[in-house]
Amino acid sequence: MITSIAWKNVWRNRTRSLTVIAAVTVGVFASVFALAAINSSIVQRIDSAVSEELSHIQVNTKEFRSSSDIHGIIPEPEKVAGILRNTPGVTDVTGRIIVRGIASTPAGSAGVEINGIDTAREKEMFTLYRKLIPGTGSYFGADTRLNSAFIGEKLARELYIIRYILSPESFTALVEKGVPAAVAEKLKPLEGVRFTTEKKLTEAYSGLLSAKEIKKYGLLVRETAWSYREGSRIILSFLDMNGNQTGAAFRICGIYRTNNDFFEAMSVFVPDAELRKLTGMEDGVYHRFIAKLEEDDLTDRVTPVLKEALPGLEVMNWKEIQVDLAMIADYINQIYAIFMVLILAALSFGIVNTMLMAVLERTRELGMLSAVGMNRRRIFMMIMLESVFLSVVGGFAGMAVSGIVIGITGHTGINLVKYSEGLEAFGYSAHLYPTIGADFFIILTVLIVLTGILSAIYPARKALQLNPVEALRGE
Amino acid sequence: MKVVEINDVYKTYHDTEVEVRAVSGVTLGFEKGDFAVIVGPSGSGKTTLLNLIGGLDQPTAGEILVAGHRLSELKPSELIDFRMEHVGFVFQSYNLIPVLTAAENVGFIMSLQKWPKEKRIARTGELLDAVGLSDRHNSRPSQLSGGQQQRVAVARALAPRPEFILADEPTANLDSKSAETLLDIMEKLNREEEMTFIFSTHDVRVMKRARRVITLEDGKVVSDVRTNHTS
């Protein structure tokens, strides 16, 4: 009966209750959706860090990560590789030789980390090959020459291998893609002009198009003007085992695009045989072994086992290499909970206010209830249930709306390309696919019910302080 | 058999610097089956006396015994239970729960007392029949006239079979016809169920029906007359 009265009391003043419920709904939706978007960004970042850049565990000599000394080769590589392969949870192992050097073209140069890799094995272990930009070649295919390099888009830009040119064909393509002929015509003064960066191209067409046209067609123009000549070459130069300057021209077999500008700018991949030949390193020696695990969750369990098994070497998992990501991954739920507690605390003020008004309006009725024998516990319970109903209805509505919107945007994605430069500088994707775990909704439900209970305390105390005689006299 | 015994009861209120003696040395007793009214001018202490009898307020001095309970010895939580078990209240402004139907209002105290559902429904039906509202089970208070609401209030007060009913100005907000109907019902219940009714009122119509008229002035009983009226 108390539950039934409390529920009916919620709807006595529909407008007021609906206003509070709407506030809770919007508050919960906004915060859940924001968290889902942030979560997706972090999940995508971790996923790409592990699957494209780091894998789960890396092993090298203790000084190699800081010194990058070409002589920092792993002793007894066969034995180390064997230990790695035989450790439960490890599914795949590969070795790399890594040298620091300079990548250059006639137009520019940049410091890079040159990774000599077993191209076939790395394709099994990493998904970087999927990040190949269409039209830029391929990931070390069977027909790829030995002196080939797979480089990042950021590096390609720095070396001016990628340019932005609006050729006569580009104008035809733009019209075919839906750009009005009149708009394409406005861009004619840019025909044949080579822009070394996307920013310079944007600045140029911004002077020719209206703001509305830039917003609508800017991305298409940039995509169409993106130009790369297949088979371009870069010079990679570095020190060999004898400390002599060496290097060679490498033909770019393909360009990859990730969400991590730093990785794109730094990491060059070449077949290890070619790098061995140039550096004078023997077959079978490596600077780094990389181990892939069955599941991400095994990382914390397998790492100490390998650290014990390989005492003379530096064994680091992805969390230790990317400390910032690991911290976020470990504390993400606590961060979300704190965020939600703050949002719900703000919403609770609205609920307290509504409940207080409800109590003050029902002074006489509460006096009557006390007079006819409704004890303090039941009166408290009734007020508390009303408050919980308000928060739970709003909270569930907010969660339902969030679930729907997250479901849709999780499928379609949210395009933050406008902020891609900033996001990708920190390794985060400009395309978000919001996602949040079911366990978060369980925590949220508990928090919402708690909000309802805590919001009821002050109004309920007011109700309990009423003297029935005075309350019955009151208007 | 005495249902209520009031022995030399005083009730004093302290209103800022003024001391108001609302009830002053009242000694009274009410028998089972009484149909009594407490009358007197405004401020004479009628409602205060009713509140003291009903355990809503505590006397400053003296003692009140209801159904063997010495009210001054009960803790606040025990007083709430006492009211639920032994006293039926009818208020001047009905005080029904607006979100409940007539039947739910009548069954409310029984549900607090955890009556079995079947018994509660049966008793509710019986009482709504008795007050002439058998066709208004599902009506909300806002859908009932003042007289009908007060009849529901009477049925609610009677539902848990209390020792007596305290009715504070029950006809004050009713038109003549509604007041007469309500009084007819209460008289009938008094006669048939031997339910004790104690009213406070200004209403001559109620006084005319009463078998006992107690007059208060300045908190004191100035007369206690048993009339010849038989219901």
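Note that the coordinates shown come from a computational prediction; the quantities given were computed from them, not determined experimentally.

**Some remarks on helix 6 (residues 176-193) of chain B**
Residue and element names in this part refer to chain B. With 18 residues, helix 6 should reach 26 Å at 1.5 Å per residue; the first-to-last C-alpha distance of 25 Å fits that figure. Of all the residues in helix 6, the buried ones are Ser178, Ala179, Leu182, Leu183, Ile185, Met186, Glu187, Leu189 and Asn190. Against strand 3 (35-39), helix 4 (117-130), helix 5 (146-158), strand 8 (196-200) and helix 7 (204-209) lie the buried residues of helix 6. Capping the start of helix 6, Asp175 holds a side-chain oxygen 3.1 Å from the backbone nitrogen of Lys177, two or three residues further along.

**Description of a negative patch on the surface**
On the surface, Asp47, Glu294, Glu295, Asp296 and Asp297 of chain A cluster together into a patch of negative charge. Examined against the element boundaries, Asp47 of chain A turns out to sit in helix 2 (residues 14-54).

**What about the packing of helix 5 of chain B against helix 6 of chain B?**
All names here are of chain B. At a minimum axis separation of 9 Å, helix 5 and helix 6 run at an interaxial angle of 20°. As summarised for this structure, helix 5 and helix 6 are arranged roughly parallel, according to the angle between their axes. In this structure, helix 5 meets helix 6 at a crossing whose hand is right-handed. The residues of helix 6 that touch helix 5, namely those facing Gly147, Gln150, Arg151, Val154 and Leu158, are Ser178, Thr181, Leu182, Ile185, Met186 and Leu189. Looking at the contact of helix 5 with helix 6, its residues break down into 6 nonpolar, 4 polar and 1 charged.

**Some details on the sheet that holds strand 4 (residues 61-66) of chain B**
Residue and element names in this part refer to chain B. The 4 strands are arranged 2-1-4-5 in an open sheet whose pairing can be described as antiparallel. Each edge of the sheet is formed by a strand with only one pairing partner; in this case those strands are strand 2 (18-31) and strand 5 (69-70). Direction of pairing for strand 1 (residues 2-15) relative to strand 2: antiparallel, over a ladder of 10 bridges. Bridge pairing links Glu5 to Gly29 in strand 2.

**Considerations on the nonpolar core**
Formed by 93 residues in total, the largest nonpolar core has its most connected members in Ile6 and Phe108 of chain B. Top element by residues in this core is helix 2 of chain A. It accounts for 13 residues. Contact partners of Ile6 of chain B, with chain neighbours within four places excluded, come to Val26, Thr27, Leu28, Phe30, Leu49, Ile53, Glu63 and Ile64 of chain B. One finds Val59, Val93, Val285 and Leu310 of chain A within the second-largest nonpolar core, a separate group that totals 64 residues.

**Some thoughts on the interface of chain B and chain A**
Reports often express the size of an interface as the amount of accessible area lost when the parts come together. Contact with chain B, which involves 23 residues of that partner, is made by 21 residues of chain A. Across the chain B/chain A interface, buried area totals approximately 2000 Å², and carbon plus sulfur atoms make up 67% of it. When the buried area of chain B at its contact with chain A is split by residue, Ile80, Val99 and Leu112 of chain B rank highest and sum to 25% of it. In this structure, the connection of chain B to chain A is made through 1 salt bridge. Here Lys8 of chain A ties to Glu104 of chain B by a salt bridge, and the two come within 3.2 Å at their closest N and O atoms. Where chain B packs against chain A, one counts 5 residue pairs in polar contact (both at pLDDT 80 or more). Every element with two or more residues in the side of chain B that touches chain A is listed here: helix 2 (76-86) and helix 3 (102-112) of chain B. Counting residues per element, the side of chain B that touches chain A draws most heavily on helix 3 of chain B, which supplies 5 residues. Of the residues contributing to the side of chain B that touches chain A, the split by class is 13 nonpolar, 4 polar and 6 charged.

**Section: the pairing of strand 4 (residues 148-152) of chain A**
All names here are of chain A. Most of strand 4 is tucked away, with 5 of its 5 residues classed as buried. Summarising the sheet, strand 4 and strand 9 (residues 245-256) pair through 5 bridges and their orientation is parallel. Paired with Gly152 across the bridge in strand 9 is Tyr256.

**Concerning the domain arrangement of chain A**
According to the domain assignment, chain A contains domain 1 (2-48 + 325-473), domain 2 (63-160 + 230-311) and domain 3 (162-228). Between the C-alpha centres of domain 1 of chain A and domain 2 of chain A the distance comes to 49 Å.

**Quick notes on the environment of Ile436 of chain A**
All names here are of chain A. Mapped onto the fold, Ile436 is located in the loop between strand 14 (431-432) and helix 19 (438-464). For Ile436, a relative accessible area of 14% puts it in the buried group. As for Ile436 and Ile38, which are separated by 398 residues in sequence, their C-alpha atoms are 9.4 Å apart. Every residue in contact with Ile436, bar those within four places of it in the chain, is listed here: Val32, Leu35, Ala36, Asn39, Tyr336, Ile406 and Phe441.

Reading guide: rules and limits
Residues numbered from 1 in each chain as written. Chains lettered and ligands numbered in written order. Predicted model: local features only at pLDDT ≥ 70, side-chain atom pairs only at ≥ 80, totals over all residues. Heavy atoms only, no water. Helix = DSSP H or I, 4+ residues; strand = E, 2+ residues; numbered from the N terminus. Expected span 1.5 Å × (residues − 1). Buried < 20%, exposed > 50% of the residue type's maximum accessible area, 1.4 Å probe, protein only. Contact = heavy atoms within 4.5 Å. Polar contact = N/O pair within 3.5 Å; in protein donor to acceptor, adjacent residues only side chain to side chain. Patch = residues over 30% accessible without salt bridge, like charges linked within 9 Å, V, L, I, M, F, W, Y side chains within 5 Å. Areas by Shrake-Rupley, 256 points an atom, 1.4 Å probe, with all protein chains shown as cover. Salt bridge = Lys/Arg side-chain N within 4 Å of Asp/Glu carboxyl O. Lys, Arg positive; Asp, Glu negative; His and termini not counted. Charge placed at Lys NZ, Arg CZ, Asp CG, Glu CD. Axes fitted to C-alpha atoms, helices over the stretch in contact; angles between N-to-C directions. Parallel < 35°, antiparallel > 145°, perpendicular 65-115°, else oblique. Left-handed = near helix turned anticlockwise from the far one by under 90°. Nonpolar A, V, L, I, M, F, W, Y, C, P; charged D, E, K, R; others polar. Pairing = 2+ DSSP bridges. Core = buried A, V, L, I, M, F, W, Y, C linked by side-chain atoms within 4.5 Å. Buried area = accessible area lost by both parts, 1.4 Å probe. Domains from an automatic or database assignment.

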